[in-house]
Amino acid sequence: QVQLVESGGGLVQAGGSLRLSCAASGSIFSINIVGWYRQAPGKQRELVARITSGTNTNYADSVKGRFTISRDNAKKTVYLQMNSLNPEDTAVYYCYANLVSTTPWRADNYWGQGTQVTVSS
């Protein structure tokens, strides 16, 4: 069974930094696209950043220049370095992965349980 486990959320003052991690475990053959979404209270879940297996990246306009996504394939882990945080970044951040599992053998989308990021002004 595949699991995505996030860590690194917390409370930070405006202008501060946090680093989120998401580790995948289980019967995984390959990981294609991985990324981070976030959902603020009363708002829809939105893409923050994603990275392909070829390390191409995409970012939401609101985080460009402040956030950096990276992946360590050997550790099956994706990171989100968040700098210059502001209160508008407050949300639950969810890890996402499109991957191929071996038990059963299939490609599917998986989500982590979410980690809270709160930025105080």
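Structure: above.
Every value quoted in this text rests on a predicted model; they were computed, and no experiment measured them.

**With respect to the environment of Thr90**
Moving on, step 1. In this fold, Thr90 is placed in the loop between strand E8 (77–82) and strand E9 (91–102).
Moving on, step 2. Sequence-wise, Thr90 and Val12 are 78 residues apart; in three dimensions their C-alpha atoms are separated by 9.7 Å.
Moving on, step 3. Not counting residues up to four positions away in its chain, the partners in contact with Thr90 are Ala40, Gln116, Val117, Thr118 and Val119.
Moving on, step 4. There is a polar contact of 3.0 Å between the side chain of Thr90 and the backbone oxygen of Pro87.

**Here we look at the state of the cysteines**
Moving on, step 1. Tallying each qualifying case throughout the model produces one disulfide.
Moving on, step 2. Disulfide partner of Cys22: Cys95, at an S-S distance of 2.1 Å. An S-S torsion of about -80° defines the bridge between Cys22 and Cys95 as left-handed. Highlighted residues: Cys22 in strand E3 (residues 18–25) and Cys95 in strand E9, separated in sequence by 73 residues. Across the pair, Cys95 and Cys22 agree in class, each one buried.

**Observations regarding the pairing of strand E10 (residues 105–111)**
Moving on, step 1. In terms of strand pairing, E9 meets E10 through seven bridges, oriented antiparallel. Bridge pairing in E10 links Thr102 to Trp105.
Moving on, step 2. Counting the residues in the hairpin turn of E9 and E10 gives two residues.

**Some remarks on the nonpolar core**
Moving on, step 1. In terms of nonpolar packing, the biggest core is built from 31 residues, with Trp36, Val48, Phe67, Val78, Leu80, Met82 and Tyr93 touching the most fellow members.
Moving on, step 2. Taken together, the elements giving at least two residues each to this core come down to E3, strand E4 (28–39), strand E5 (46–51), strand E7 (67–72), E8, E9 and strand E11 (115–120).
Moving on, step 3. If one sorts the elements of this core by residue count, E9 sits on top with five residues.
Moving on, step 4. When neighbours within four sequence positions are excluded, Phe67 is seen to be in contact with Arg38, Val48, Tyr59, Leu80, Gln81, Met82, Asn83, Leu85, Asp89 and Tyr93.

The rules behind these values
- Residues numbered from 1 in each chain as written.
- Predicted model: local features only at pLDDT ≥ 70, side-chain atom pairs only at ≥ 80, totals over all residues.
- Heavy atoms only, no water.
- Helix = DSSP H or I, 4+ residues; strand = E, 2+ residues; numbered from the N terminus.
- Contact = heavy atoms within 4.5 Å.
- Polar contact = N/O pair within 3.5 Å; in protein donor to acceptor, adjacent residues only side chain to side chain.
- Disulfide = S-S within 2.5 Å.
- Buried < 20%, exposed > 50% of the residue type's maximum accessible area, 1.4 Å probe, protein only.
- Pairing = 2+ DSSP bridges.
- Core = buried A, V, L, I, M, F, W, Y, C linked by side-chain atoms within 4.5 Å.

All we've got here are geometric facts, nothing functional implied.
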